[in-house]
Amino acid sequence: MKAIFKREFLSFFRGITGWLFIGINLVVYGLYFTVYNLMQGIPSVAYAINGMSFIFLITVPILTMRVFAAERRDKVDQLTMTSPVGVGSIVLGKFLALACCFAIVVAFIAASPLVLRLYGSVSLKENWTAVLGLLLYGLTLLAIGLFASALTSNVIVSAIIAFGLLFFGYISSSIVSALSIGGILEKIIGWYDFTTPLSDFLSGSLSLKNVVYYLSVIALCLVLTTQIILKRRYTISRKRLTVSAFSLITIVAVLAVVVGGNFAMTKVPDKYSVYDMTKKKFYTLSDKTKNILSKLDKDVTIYCLAKKSSLTYDYEITLIKTLDQYAAHSKHITVKYIDTSKNPTFTSKYTDESLSSGSLIVVSGDKSRTIDVSDLYETKVDYSTYSQQVTGYDIEGQVTSAINYLSAENLAKVYTLTGHDEPTLSTTFTKTLTKLNAETKELNFLKEDKVPDDAAAVILFGPQSDLSTDDVKK
């Protein structure tokens, strides 16, 4: 295997293929790194990696198309097939050569956060989590390209097949979202989705489920490649039927292990399999929230008014991961995503308000609270583009407040003084009182002789006329 690896790795650089692969990828990454990180001052290489991820659809087929196809075309694969090295070792040696070529690109990218540290504070842990995602993503694409190369003796056809397989994996999540595919077909297409796990890494979330997913796809592709070559190696043998049956059994067995392993990982709670690597711990619940959830004894359902696959922006991914944390920390909490395009009357059961996509409805028994999407995020206007930009999150604050509200027996009562031409409380202030789970009531001393005993507070908001002596005493 060592000889196979060495020969294959050196062959990339004796010609132009390896240099072209490294050069194109680094140039594209350099452009995005300059724009996002050096010019805009963003302290994370995740944006640059996300921007350059599409280029692998072109460079990976270029690198992998000749690995097996050219040998088969030139009839030199017979020397390899008759060598004392096992077919599995040949496939693994060639894959490791591809991996090392790709590792050169990753090494340069991994060093770029160190450059950013010269200009300010940078979280290496968060940046290198994104780089790890890129490494696994790239190795998966290389394994698929290697598989495509073993299917044909035509290098052009090999490149086209590889591009088709990679392109479908690149757009599969968009297909599911755009066509609103449901049922088993959505799960099948969703399994062949390489970009969503990468997005998790880029957002600073280290998920063991995604690591297992990428490694299992790599293993499956290498096994399939090995079986294709074995099939061709024994085509003329009298044992063809036996070998064919053995190949089919091997493929089915490996496929079962891959599917079973990934399914088992979905059953592992997120608190054991997902690690928040972000500097500000966006996906980690506070100790106060965890304490509240540990004491929760009522079943609570959190409805998110959107199809999960349609939530693709960074702030929406943060919402999904935060809601997952609530479900992971309490067996009484269930998170459900409602496609309002298919169920337009769903919100009418809980509110008469018109809620935007991505809003939440938190329900327990007969009680419920709605949280509009505008209350989940802090935003500001970018006057260069006149668009809203998310600058902060209040997802945990709003959801924990709603859970407190649903589980509380009695709410604190806050009275607002009236009768002195007081202006109306602002919407922001009213929402703050709601978040504090305070029940607001009006207090008029023309009708009341004293402040009610159940008052947690009395708000005197800008009275325009003087309070009488009696009012002051009351």
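One can find the structure itself at the top, above this paragraph.
Every value quoted in this text rests on a predicted model; they were computed, and no experiment measured them. (Residues numbered from 1 in each chain as written. Predicted model: local features only at pLDDT ≥ 70, side-chain atom pairs only at ≥ 80, totals over all residues. Heavy atoms only, no water.)

> Could you give an account of the pattern of salt bridges, with specific residues and numbers?
All chains considered together, the criterion is met by 9 salt bridges. In this structure, Arg 7 and Glu 8 form a salt bridge, with 3.9 Å as the shortest nitrogen-oxygen distance. Put simply, Glu 8 and Lys 94 hold a salt bridge, and the shortest N to O gap is 2.7 Å. Taken together, the residues span a long stretch of sequence, with Glu 8 in helix α1 (residues 2–14) and Lys 94 in helix α7 (residues 87–116) at a distance of 86 residues. One continuous salt-bridge network, built from bridges that share partners, spans Arg 7, Glu 8, Glu 71 and Lys 94. (Salt bridge = Lys/Arg side-chain N within 4 Å of Asp/Glu carboxyl O. Helix = DSSP H or I, 4+ residues; strand = E, 2+ residues; numbered from the N terminus.)

> Please provide a residue-by-residue account of the sheet that holds strand β9 (residues 412–418), values included.
Across a sheet, paired strands are connected by hydrogen bonds in the backbone, their directions being either parallel or antiparallel. What the 3 strands build is an open sheet, ordered β10-β9-β11; its pairing is parallel. The outermost strands of the open sheet, each flanked by one partner alone, are β10 (438–444) and β11 (455–459). Averaged over all pairs of adjacent strands, the angle between strand axes in this sheet comes to 30°, irrespective of strand direction. For β9 and β10, the ladder comprises 7 bridges, and the chain directions are parallel. (Pairing = 2+ DSSP bridges. Axes fitted to C-alpha atoms, helices over the stretch in contact; angles between N-to-C directions.)

> An account of the packing of aromatic side chains is needed here, citing residue identities and associated values.
Applying the stated rule across the entire model yields 22 aromatic pairs. On the numbers, 6.2 Å between centres and 70° between planes, the contact of Phe 56 with Tyr 137 is edge-to-face. Here the residue Phe 56 occupies a position in helix α4 (residues 56–64), and Tyr 137 occupies one in helix α8 (residues 124–149), the gap between them amounting to 81 residues. Using a relative accessible area of 0% as the deciding quantity, one classes Phe 56 as buried. Note on Phe 201 and Tyr 214: the rings are 6.5 Å apart at their centroids and 25° apart in plane angle, and the pair reads as stacked. Residue Phe 201 is located in helix α11 (residues 195–202), and its partner Tyr 214 is located in helix α12 (residues 208–233); the two are separated by 13 residues in the primary sequence. No difference in accessibility class separates Phe 201 from Tyr 214, as the two residues are buried. Through a chain of ring-to-ring contacts, the aromatic side chains of Phe 282, Tyr 313, Tyr 315, Tyr 377 and Tyr 393 assemble into a single cluster. Over the aromatic face of Tyr 283 sits the side chain of Lys 321, whose NZ or CZ is 5.9 Å from the ring centroid. Across the ring face of Tyr 405, the terminal group of Lys 367 is positioned such that the distance to the ring centre comes to 4.6 Å. (Phe/Tyr/Trp six-rings, centres within 6.5 Å; stacked < 30°, edge-to-face > 60°. Buried < 20%, exposed > 50% of the residue type's maximum accessible area, 1.4 Å probe, protein only. Lys NZ or Arg CZ within 6 Å of the ring centre and 35° of its normal.)

> Which residues make up the packing of helix α15 (residues 287–294) against helix α17 (residues 395–407), and what values do they have?
The interhelical angle for the contact between α15 and α17, taken along N-to-C directions, is 25°, at an axis separation of 11 Å. Judged on the interaxial angle alone, α17 and α15 are roughly parallel. Remark: the crossing between α15 and α17 carries left-handed chirality. Residues Thr 289, Ile 292 and Leu 293 of α15 touch α17, and the partners they reach there are Glu 396, Thr 400, Ile 403 and Asn 404. Among the residues making up the contact of α15 with α17, the classes are represented as 3 nonpolar, 3 polar and 1 charged. (Parallel < 35°, antiparallel > 145°, perpendicular 65-115°, else oblique. Left-handed = near helix turned anticlockwise from the far one by under 90°. Contact = heavy atoms within 4.5 Å. Nonpolar A, V, L, I, M, F, W, Y, C, P; charged D, E, K, R; others polar.)

> Account for the sheet that holds strand β5 (residues 360–364), with residues named and values stated.
One open sheet holds the 4 strands; their spatial order is β4-β3-β5-β6, and the pairing between them is mixed. Of all strands in the sheet, those bounded by a partner on one side alone are β4 (333–337) and β6 (367–371). Adjacent strand axes in the sheet meet at a mean angle of 15° when their direction is disregarded. As judged from the 4 bridges shared by strand β3 (residues 300–304) and β5, these two strands associate in the antiparallel manner. Each bridged residue has a counterpart across the sheet, and for Cys 304 the counterpart in β5 is Leu 360.

> Break down α4 for me, citing the residues and quoting the values.
For α4, a buried count of 7 out of 9 residues is recorded, marking the element as mostly surrounded by other parts of the structure. Within α4, burial applies to Phe 56, Leu 57, Thr 59, Val 60, Pro 61, Leu 63 and Thr 64.

> Please set out the side chain of Ser 207 residue by residue, giving values where relevant.
Mapping Ser 207 onto the fold places it in strand β1 (residues 205–207). Judged by its relative accessible area of 6%, Ser 207 is buried. When sequence neighbours within four positions are dropped, the list of residues in contact with Ser 207 reads Phe 201, Ser 273 and Val 274.

> Any chance you could break down a nonpolar patch on the surface for me, citing the residues and the numbers?
Taken together, the side chains of Val 35, Leu 38, Met 39, Val 115, Leu 118 and Tyr 119 define a hydrophobic patch exposed on the protein surface, amounting to about 680 Å² of accessible area. The element best represented in the nonpolar patch is helix α2 (residues 17–39), accounting for 3 residues. By the secondary structure assignment, Val 35 is in helix α2. Using a relative accessible area of 38% as the deciding quantity, one classes Val 35 as partly exposed. (Patch = residues over 30% accessible without salt bridge, like charges linked within 9 Å, V, L, I, M, F, W, Y side chains within 5 Å. Areas by Shrake-Rupley, 256 points an atom, 1.4 Å probe, with all protein chains shown as cover.)

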